[in-house]
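Structure at a glance
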Amino acid sequence: MSVVTRVFLWFLMVSVLWVLVYRFVNPPITLLMVLRNIELTTDGKPAKMEKEWVDFEDISDNMKRAAVSAEDQLFLKHIGFDVKAIEKAFQTNKKGKKIKGGSTISQQTAKNVFLWPGRSWLRKGFEAYFTLLIEMLWSKERILEVYLNVIEMGDGIYGAEAAAQAYFGKSCTKLSRSQAALIAACFPNPRRWTPVRPTQYIKHRQYLILKNMRRLGPLDF
């Protein structure tokens, strides 16, 4: 057996086992969290990592619906990829306009938990692979639960619970529709935008997310 084949089989075995473990064990930390703290200490700032895991059933339904409405309205229907969104993003980027990702919640979860930040084709390839793995080995509830617990929601703030506490002084179990939509409106760039001082653009995104939440109907997992 060649070295390349052995490396491939080793990677396959380790990655599948890794994803299987995280089906039952909550990810304690992500590479992004580590890198952000390195950036802070490099800039002479104190390390910061606010996060608190909340089980799926305890996360406000408003927060779940806001996330799906903002990021991936076909979340319950696709198997990890929204082909139309990807095509639209590709055409937009090809025209030299503002870069769009077209990533689903599943893709973002795969990237946030298993990979490093960046836009290289290599990383996108790994992202697609881990997206397929979590779609095959996790439930949709588990994907959304992990997503809402590890996503970056501000400088040193990770997950819906830490965001709800930081911005509204309450648990994510008690977020209102408006509050959940405002947090979700900042998802694309949480280090630039904040629910504390929402810009007109963020307020408009919140309005659209609230409209989508009304249109979405119940999340039937």
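Conventions we followed
Residues numbered from 1 in each chain as written. Predicted model: local features only at pLDDT ≥ 70, side-chain atom pairs only at ≥ 80, totals over all residues. Heavy atoms only, no water. Helix = DSSP H or I, 4+ residues; strand = E, 2+ residues; numbered from the N terminus. Rg over C-alpha atoms; globule rule 2.2 N^0.38 Å. Buried < 20%, exposed > 50% of the residue type's maximum accessible area, 1.4 Å probe, protein only. Contact = heavy atoms within 4.5 Å. Axes fitted to C-alpha atoms, helices over the stretch in contact; angles between N-to-C directions. Parallel < 35°, antiparallel > 145°, perpendicular 65-115°, else oblique. Left-handed = near helix turned anticlockwise from the far one by under 90°. Nonpolar A, V, L, I, M, F, W, Y, C, P; charged D, E, K, R; others polar. pLDDT = per-residue confidence, 0-100. Phe/Tyr/Trp six-rings, centres within 6.5 Å; stacked < 30°, edge-to-face > 60°. Lys NZ or Arg CZ within 6 Å of the ring centre and 35° of its normal. Patch = residues over 30% accessible without salt bridge, like charges linked within 9 Å, V, L, I, M, F, W, Y side chains within 5 Å. Areas by Shrake-Rupley, 256 points an atom, 1.4 Å probe, with all protein chains shown as cover. Salt bridge = Lys/Arg side-chain N within 4 Å of Asp/Glu carboxyl O. Lys, Arg positive; Asp, Glu negative; His and termini not counted. Charge placed at Lys NZ, Arg CZ, Asp CG, Glu CD.

1. Section: the overall build of the protein
- When helices and strands are tallied, the protein shows 10 helices and 2 strands.
- Taken from the N to the C terminus, the helices and strands of the protein come in the order α-α-α-α-α-α-α-β-β-α-α-α.
- In terms of C-alpha radius of gyration, the protein reaches 18 Å, essentially the compact-globule figure of 17 Å for 221 residues.
- The dimensions of the protein, computed from C-alpha atoms along their principal axes, are 60 × 40 × 40 Å.
- Within the span of the protein, comprising 221 residues, buried residues form 43% of the whole.
- Expressed as a percentage of contacts within the protein between residues at least 6 apart in sequence, the contacts between residues at least 24 apart total 68%.

2. Some points on the packing of helix α3 (residues 61–71) against helix α9 (residues 177–185)
- It is at 8 Å that the axes of α3 and α9 come closest, and there the two elements cross at 40°. In terms of orientation, α3 and α9 fall into the oblique class. Note that α3 runs across α9; the crossing there is right-handed. Contact with α3, carried on its side by Asn-62, Met-63, Ala-66, Ala-67 and Ala-70, involves Arg-177, Ala-180, Ala-181, Ile-183 and Ala-184 of α9 and no other residues of that element.
- Among the residues forming the contact of α3 with α9, the class breakdown is 8 nonpolar, 1 polar and 1 charged.

3. So, the confidence of the model for the protein
- Taken over all residues, the pLDDT of the protein has a mean of 91, while the share at 70 or more is 92%.
- Per-element confidence in the protein is highest for helix α7 (residues 140–150), whose mean pLDDT is 98, and lowest for helix α4 (residues 83–94), whose mean pLDDT is 63.

4. Here we look at the packing of aromatic side chains
- One pass over the structure, following the stated rule, counts 13 aromatic pairs.
- When the centroid spacing of 6.3 Å and the interplanar angle of 55° are considered together, the rings of Trp-18 and Tyr-22 count as tilted. Of this pair, Trp-18 and Tyr-22 both sit in helix α1 (residues 3–24), 4 residues apart, which is roughly one turn of the helix.
- Judged by relative accessible area, Tyr-22 falls into the buried class, the value being 12%.
- Here the aromatic rings of Tyr-147 and Phe-187 are separated by 6.0 Å at their centres, their planes lie at 85°, and the arrangement is edge-to-face. In this pair, Tyr-147 sits in helix α7 while Phe-187 sits in the loop between α9 and α10 (200–216), placing the two residues 40 residues apart along the sequence.
- For Tyr-147, a relative accessible area of 0% corresponds to the buried category.
- Within the aromatic cluster, the residues linked to one another by ring pairs are Phe-11, Trp-18, Tyr-22, Phe-114, Trp-116, Phe-126, Tyr-129, Phe-130 and Trp-138.
- Between the NZ or CZ atom of Lys-64 and the centre of the ring of Phe-56, over which it lies, the distance is 3.8 Å.

5. Things to note about helix α5 (residues 105–114)
- Burial of α5 is extensive: 9 of the 10 residues sit out of reach of the surface.
- Within α5, the full set of buried residues consists of Ile-105, Ser-106, Gln-107, Gln-108, Thr-109, Ala-110, Asn-112, Val-113 and Phe-114.
- Those residues of α5 hidden inside the fold are in contact with α1, α3, α6 (121–137) and α7.

6. Focus on a nonpolar patch on the surface
- A cluster of nonpolar side chains, namely Ile-29, Leu-31, Val-34, Ile-38, Met-49, Trp-116 and Leu-122, defines an oily patch on the protein surface of about 570 Å² accessible area.
- Ranked by the residues each element gives to the nonpolar patch, the list is headed by helix α2 (residues 31–42), at 3 residues.
- Tracing the sequence through the fold places Leu-31 in helix α2.

7. Observations regarding a positive patch on the surface
- A contiguous patch of positive charge, built from Arg-177, Lys-211, Arg-214 and Arg-215, is present on the exposed surface.
- It is α10 that contributes the most residues to the positive patch, 3 residues altogether.
- Turning to its location among the elements, Lys-211 is positioned in helix α10.
- The class for Lys-211 is partly exposed, based on a relative accessible area of 34%.

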